[in-house]
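Geometric and topological summary
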Amino acid sequence: MKRQTFLKNLGLSSLAVLSSESLLSSCMENRNMNVMPQTVKDGEFVNALKIPEIFTPGSTLSAQITQDILVKASSISVYGYHSGLLGPTFKVKNGQNVIIPFQNSLKEASNVHWHGLVIPSNMDGHPDHVIESNKNFIFQFTIDQQAGINWYHPHLHMHTGIQVNKGLAGMFIVESDEENALKLPSDGYDVPLVIQDKRFNADGTINYNPSQMDIMTGYFGDNVLVNGTSKPYLEVSTRFYRFRVLNGSSARIYNLALSNGADFYIIGSDSGMLAQPEKVKNTLLGPGERLDFLIDFSRIKIGEKVHLNSEKFTNMGGSQGGQSFKIISFNVTIQATDSFKMPASLIPFSSIQGSSKTRTFTLSMRMVNMNRGMNTINGKVFKADRIDETVNFGATEIWEFDNTAGIEPHPMHVHGVTFQVLSRTGGRNKIEPHEKTWKDTVLVGPNERIKVVMNFSQKGKFLVHCHNLEHEDDGMMLNFEVV
Ligand code: C2O
Ligand code: CU
Ligand code: CU
């Protein structure tokens, strides 16, 4: 390294220690003086929840400009993978060979990443794999993992945030015989909920235009949509329902809870189901994470409404958790008899044993100048052709995400694997109920150090990154190669 560059780096990193916290807090104060753009607007829950269609094998998945009605009565142009915002829900069985012809009908490059699927690197949608406008690509892979809620979205470097915000995302559900044997609520009683916050322009079009400050904290919307429905309601019967939640937001963490204070039952997370249901009153869900849970509406009177809310929370960075707001209204309208019994156990879960190596990923902000900080991993920002870590094929390793110096939460995600959370020290100091199964994204709060363990069963180039999409696009992402 040249002496000059070295001195410059040194100078900037000591500046970082001094000023990243004060810079962010002065930013936050500025925000508070204006109307905070991240404050979610209230309103009547008057729009019937849209349910994405189920993808039919053999049909083409096409990224396109399409029309939808979001926050205004008139339709606007959005991005989607079928007609309207978002994309169809895939439902496939473990062991199935999946062929998905993809067509990029946008006027710009895109690609598809299958978030949560453990598939070969040339099918994973690494930013190296650019699918130009009007080009196509046939994705083909075999599902070899447990029942779980995965998802798909574009993954071009520096363009993931904008393409996801404009509407490109969808759910990819893996089912299995073991899961079917549990006889969980199905069909109309098994409901996907893709939760995303967005900002809109006065004419009702989607506004995605992050400022320097937004890039440091993440982009927050003042409208929370579910499956692309603003202020949604769902008419429900007096029985058990299964909900599959994807936090498809750029940066917003939700603290999910029911408005009547009732318990709900977590049965699964990102890429697996729990060993037994966990009864909770609330749970935090970071961007990119998923949650599989059951709600019992059987004792609710006809005519009543129960809301799924996000309640206030603390210690997740200055911009998160200051407000409680409603996400969706469940309107109890239909009397039903329900024979469903909560199973005492779900899918057996065995811990990964042994590991050959521990790698630490330090999350911190590096000041570029007095007004601009970049979120980094091990002090680095993403470089497409640089391999940051090399892992042996077949190895079992512990990866530690260390946010003890951080002031922002980072939902850390690893491609090409599913992992188990071993420990969280500092911050919340515990493993959350929904983290007791296979995951691929874990919320690393400020002051937290999290260890995950995983086995590398796919060769090739993959990513580890923060799933706050503005952090990711700003370079909070590294390559690793399995050889
Ligand atoms: Cu959902 Cu690399 O991302
Ligand atoms: Cu992913
Ligand atoms: Cu981050």
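Residues numbered from 1 in each chain as written. Chains lettered and ligands numbered in written order. Predicted model: local features only at pLDDT ≥ 70, side-chain atom pairs only at ≥ 80, totals over all residues. Heavy atoms only, no water.

Turning next to the side chain of Ser62. Checked against the element boundaries, Ser62 lands in strand E2 (residues 61-68). Given a relative accessible area of 13%, Ser62 falls into the buried group. A polar side-chain atom of Ser62 sits 3.4 Å from a polar atom in the side chain of Ser105. Non-local contacts of Ser62, meaning those with residues more than four positions away in its chain, are made with Gly80, Tyr81, His82, Gln103 and Ser105. (Helix = DSSP H or I, 4+ residues; strand = E, 2+ residues; numbered from the N terminus. Buried < 20%, exposed > 50% of the residue type's maximum accessible area, 1.4 Å probe, protein only. Polar contact = N/O pair within 3.5 Å; in protein donor to acceptor, adjacent residues only side chain to side chain. Contact = heavy atoms within 4.5 Å.)

Next up on the list: the coordination of the copper ion (ligand 2). Protein coordination at the copper ion (ligand 2) comes from His113 (NE2) and His413 (NE2), with a distance range of 1.8 Å. Taken together, the positions of His113 in strand E6 (residues 113-115) and His413 in strand E27 (residues 410-414) put the pair 300 residues apart, joining distant regions of the chain. We classify His413 as buried; its relative accessible area is 1%. (Donors = N, O, S within 2.8 Å, 3.2 Å for Na, K, Ca; no water.)

Moving on, we come to the coordination of the copper ion (ligand 3). Protein coordination at the copper ion (ligand 3) comes from His410 (ND1), Cys466 (SG) and His471 (ND1), with a distance range of 2.0 to 2.1 Å. Motif for the copper ion (ligand 3), donor spacing along one chain: H-x55-C-x4-H. The pair formed by Cys466 and His471 is uniform in burial state, with each residue classed as buried.

In the structure shown here, the tally under the stated rule is 31 salt bridges. A salt bridge links Asp440 to Arg290; the shortest N-O distance between them is 2.6 Å. Here the residue Asp440 occupies a position in the loop between strand E28 (419-425) and strand E29 (441-444), and Arg290 occupies one in strand E20 (residues 290-296), the gap between them amounting to 150 residues. Of the residues examined, Arg290 reaches a relative accessible area of 0% and is grouped as buried. Connected through salt bridges with shared partners, the residues Lys91, Glu179, Asp190, Arg242, Arg244 and Asp292 form a single ionic network. (Salt bridge = Lys/Arg side-chain N within 4 Å of Asp/Glu carboxyl O.)

It is worth spelling out the pairing of strand E22 (residues 325-334) at this point. With 7 of 10 residues buried, E22 is to be regarded as a mostly interior element. Here 5 bridges tie strand E14 (residues 232-237) to E22, and the two strands are oriented parallel to one another. Looking at E22, one finds that Leu234 is bridged to Phe330. Inspection of the sheet shows strand E21 (residues 305-310) paired to E22 by 6 bridges, in the antiparallel sense. Of the residues in E22, the one forming a bridge with Asn309 is Lys326. (Pairing = 2+ DSSP bridges.)

Bringing empty space enclosed by the protein into the picture now. Rolled over the atoms, a probe with the dimensions of a water molecule shows which regions are left empty. Counted under the stated rule, the structure contains 2 cavities of 30 Å³ or more. The calculated volume of the largest cavity comes to roughly 40 Å³. Looking at the largest cavity, the residues that line it are Pro52, Leu86, Gly87, Thr89, Ala169, Gly170, Met171 and Val194. Classifying every residue of the lining of the largest cavity by side-chain character gives 5 nonpolar, 3 polar and no charged. In terms of lining residues, the second largest cavity is bounded by Thr217, Ala251, Ile253, Pro287, Gln320, Glu408, Pro409, Pro411, Leu443 and Asn468. When its residues are assigned to classes, the lining of the second largest cavity shows 6 nonpolar, 3 polar and 1 charged. (1 Å grid on protein atoms, 1.4 Å probe; cavity = no way out; pocket = protein on both sides within 12 Å on 5 of 7 lines; lining within 4 Å. Points joined across faces, edges and corners; volume = space filled by probe spheres on them. Nonpolar A, V, L, I, M, F, W, Y, C, P; charged D, E, K, R; others polar.)

Turning to the environment of Gly204, a few remarks are in order. Along the polypeptide, Gly204 turns up in the loop between strand E10 (190-200) and strand E11 (206-207). Residue Gly204 is classed as buried on the basis of its relative accessible area of 3%. When sequence neighbours within four positions are dropped, the list of residues in contact with Gly204 reads Val71, Lys72 and Ile76.

Before going further, it helps to spend a moment on the sheet that holds strand E9 (residues 170-175). Pairing is mixed across the open sheet formed by 4 strands, whose spatial order is E4-E9-E8-E6. Each edge of the open sheet carries a strand with a single partner, namely strand E4 (90-93) and E6. In this sheet, adjacent strand axes meet at a mean angle of 25° when their direction is disregarded. The sheet contact formed by strand E8 (residues 148-153) and E9 spans 5 bridges and is antiparallel. (Axes fitted to C-alpha atoms, helices over the stretch in contact; angles between N-to-C directions.)

On to the pairing of strand E12 (residues 223-226), then. The alternating pattern of E12 places Asn223 and Leu225 and Val224 and Val226 on opposite faces, both of which are buried. Direction of pairing for E10 relative to E12: antiparallel, over a ladder of 4 bridges. If you follow Asp197 over to E12, its bridge partner there is Val224. Pairing between E12 and strand E13 (residues 229-230): 2 bridges, direction antiparallel. Of the residues in E13, the one forming a bridge with Leu225 is Ser230. Joining the antiparallel neighbours E12 and E13 is a turn of 2 residues, in which Asn227 adopts a positive phi near 50°.

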